[in-house]
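What follows is the residue order along each chain.
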Amino acid sequence: MSRRGDWVYENNGGTCVAIAGADYCVVAADTRLSVGYNILTRDHSKICELADKCALASSGFQGDIKALHKNLAARELLYQHQHNKRMSCPAMAQLLSNTLYYKRFFPYYAFNVLGGLDSEGKGCVFTYDAVGSYERTGYSAQGTGSALIMPVLDNQLKSPSPLLLPARDAVTPLSETEAVDLVKDVFASATERDIYTGDKLEIVVINKAGTKREYIDLRKD
Amino acid sequence: MFRNQYDTDVTTWSPAGRLFQVEYAMEAVKQGSACVGLRSRTHAVLAAANKAASELSSHQRKVFRVADHAGVALAGLTADGRVLSRFLRSECINHAFVYDAPLPVSRLALRLADKAQVCTQRSWKRPYGVGLLVAGLDESGAHLYYNCPSGNYFEYQAFAIGSRSQAAKTFLERRFEGYNDYTPEQLIKDALSAIKETLQGEKLTSSNCTVAIVGRKDDGTVEPFEMIDVKRIQEIIDSMEAAEEAPAAEAESSSMQEEDKGTDAAPMDI
């Protein structure tokens, strides 16, 4: 970035988690927005519902995240016009990858987790790096608290190796309420140590019946 | 073969001050099957007669959703119409992307007219052979525009284009003064009646027409542009036919009176 004169990015922090089950998906993120030691707001949503069975949670630079979400929402609308249906979650996953890689040499500073239901109604989670490399998994964490949360999820949910033959299903064996409780616990824990995570937890649960949002409070310090 | 020596390209004037190629394009609109549009203060309705090219084929789509707040119905070259409706969709998406607000219907019609106008002033282009009824909703209520291949556009309370549209226009001219206070249901009924006028004897069924509506409810919430369900159209047609058979004599005498009133109203032709 030196050739662009200055560092054009900022890290506004935040943590995103998604867990997929047999017939549901939980997408969660905290609502704190901070720079360095300052908290800019305690109530900023990081989750965008891009299609009826698809939610994207992103942390990183707020400006880039906003642009990315807006871009994807516009592309989804175009898809609706052209195909007469909403975009599926795996299709949105591919689109997000392409969108990120398109800016390979001046990337969106955004770390994304995409959660939803696939065409069979099974839960799916897609996890990304900033330039579009992605993988379908059963659960994932991104953002400033991911290093604290990911090992706990590994320990509790045990993802099968993607190299196993025959391929094993990546979805977690938990029930929907168990998964939501686990998400609340890992965020409460991450909030204890990560200064960029806290204030409020926004949880989006996607299942056959539709999408519902809930909020619980986290530590504000 | 040629009507005269001034009609071989779009940019050459005739000594009488006419552009024949543009006028021919306007003729193409009259060849397509009919479309009607009408609006109240809060709602706009578009309807189209669907005509299949042959017994064995399906019909072309003639009503397109452009955005939540607007849609178009077209008569003429449907291929040109498809391209234009794609253009309108992207204009709406771009406007919403930049300003986080829907594109006003008047500006939507203007963009379309400007695009059509360019084709009347470039030697290597041809005018679009399609007429569009643009219906939509914005801060100032519901609107209906007619865009023609010449680049002209007009706002209407109610209008019809396409083959035999004169019958529908006559019907609408007789009734348009009350449209501002119509309910959505009444608008749909009049749209179907107007379409029926253009079919000339052929029976109106839910399979040979498309109806779409956009509007704002009394509480201010927007009802997005939507094609009306085939089943509901058939129900409305059935109820209209039932009502027609019952008080036929009464309806006839009242429509006669309205006709007398309508003679000095402004003609709806261009």
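As recorded by UniProt, chain B carries the name Proteasome subunit alpha type-1 and is attributed to Oryza sativa subsp. japonica.

As recorded in UniProt, chain A goes by the name Proteasome subunit beta type-1, listed as coming from Oryza sativa subsp. japonica. Per UniProt, the comment on chain A under Function is "Non-catalytic component of the proteasome, a multicatalytic proteinase complex which is characterized by its ability to cleave peptides with Arg, Phe, Tyr, Leu, and Glu adjacent to the leaving group at neutral or slightly basic pH. The proteasome has an ATP-dependent proteolytic activity."

To continue, consider the packing of helix α4 (residues 165-175) of chain B against helix α5 (residues 184-199) of chain B. All names here are of chain B. Where α4 meets α5, the axes come as close as 7 Å, and the angle between the chain directions of the two elements is 145°. Considering only the axes of α4 and α5, their crossing is right-handed. For the pair α4 and α5, contact is made by Ser-165, Ala-167, Ala-168, Phe-171, Leu-172 and Arg-175 and by Asp-190, Ser-193, Ala-194, Glu-197 and Thr-198, respectively. Grouping the amino acids of the contact of α4 with α5 by side-chain chemistry returns 5 nonpolar, 3 polar and 3 charged.

A word on the packing of aromatic side chains. In this structure the tally under the stated criterion is 11 aromatic pairs over all chains. When the centroid spacing of 5.9 Å and the interplanar angle of 40° are considered together, the rings of B:Tyr145 and B:Tyr153 count as tilted. On the basis of relative accessibility, which here comes to 7%, the residue B:Tyr145 falls in the buried class. Given the relative accessible area of 32%, B:Tyr153 is considered partly exposed. Here B:Tyr179 and B:Tyr182 contribute two aromatic rings whose centre-to-centre distance is 4.9 Å and whose plane-to-plane angle is 65°, an arrangement assigned as edge-to-face. Accessibility expressed as a relative area gives 18% for B:Tyr182, which makes it buried. Through a chain of ring-to-ring contacts, the aromatic side chains of A:Tyr9, A:Phe106, A:Tyr109 and A:Phe111 assemble into a single cluster. The residue whose ring lies beneath A:Lys70 is B:Phe97, and the NZ or CZ to ring-centre distance is 4.6 Å. Here A:Lys200 stacks its cationic end above the ring of A:Tyr215, 5.0 Å away from the centre of that ring.

Calculation rules
Residues numbered from 1 in each chain as written. Chains lettered and ligands numbered in written order. Predicted model: local features only at pLDDT ≥ 70, side-chain atom pairs only at ≥ 80, totals over all residues. Heavy atoms only, no water. UniProt positions renumbered as here; feature names shortened; annotations may be inferred. Axes fitted to C-alpha atoms, helices over the stretch in contact; angles between N-to-C directions. Helix = DSSP H or I, 4+ residues; strand = E, 2+ residues; numbered from the N terminus. Left-handed = near helix turned anticlockwise from the far one by under 90°. Contact = heavy atoms within 4.5 Å. Nonpolar A, V, L, I, M, F, W, Y, C, P; charged D, E, K, R; others polar. Phe/Tyr/Trp six-rings, centres within 6.5 Å; stacked < 30°, edge-to-face > 60°. Buried < 20%, exposed > 50% of the residue type's maximum accessible area, 1.4 Å probe, protein only. Lys NZ or Arg CZ within 6 Å of the ring centre and 35° of its normal.

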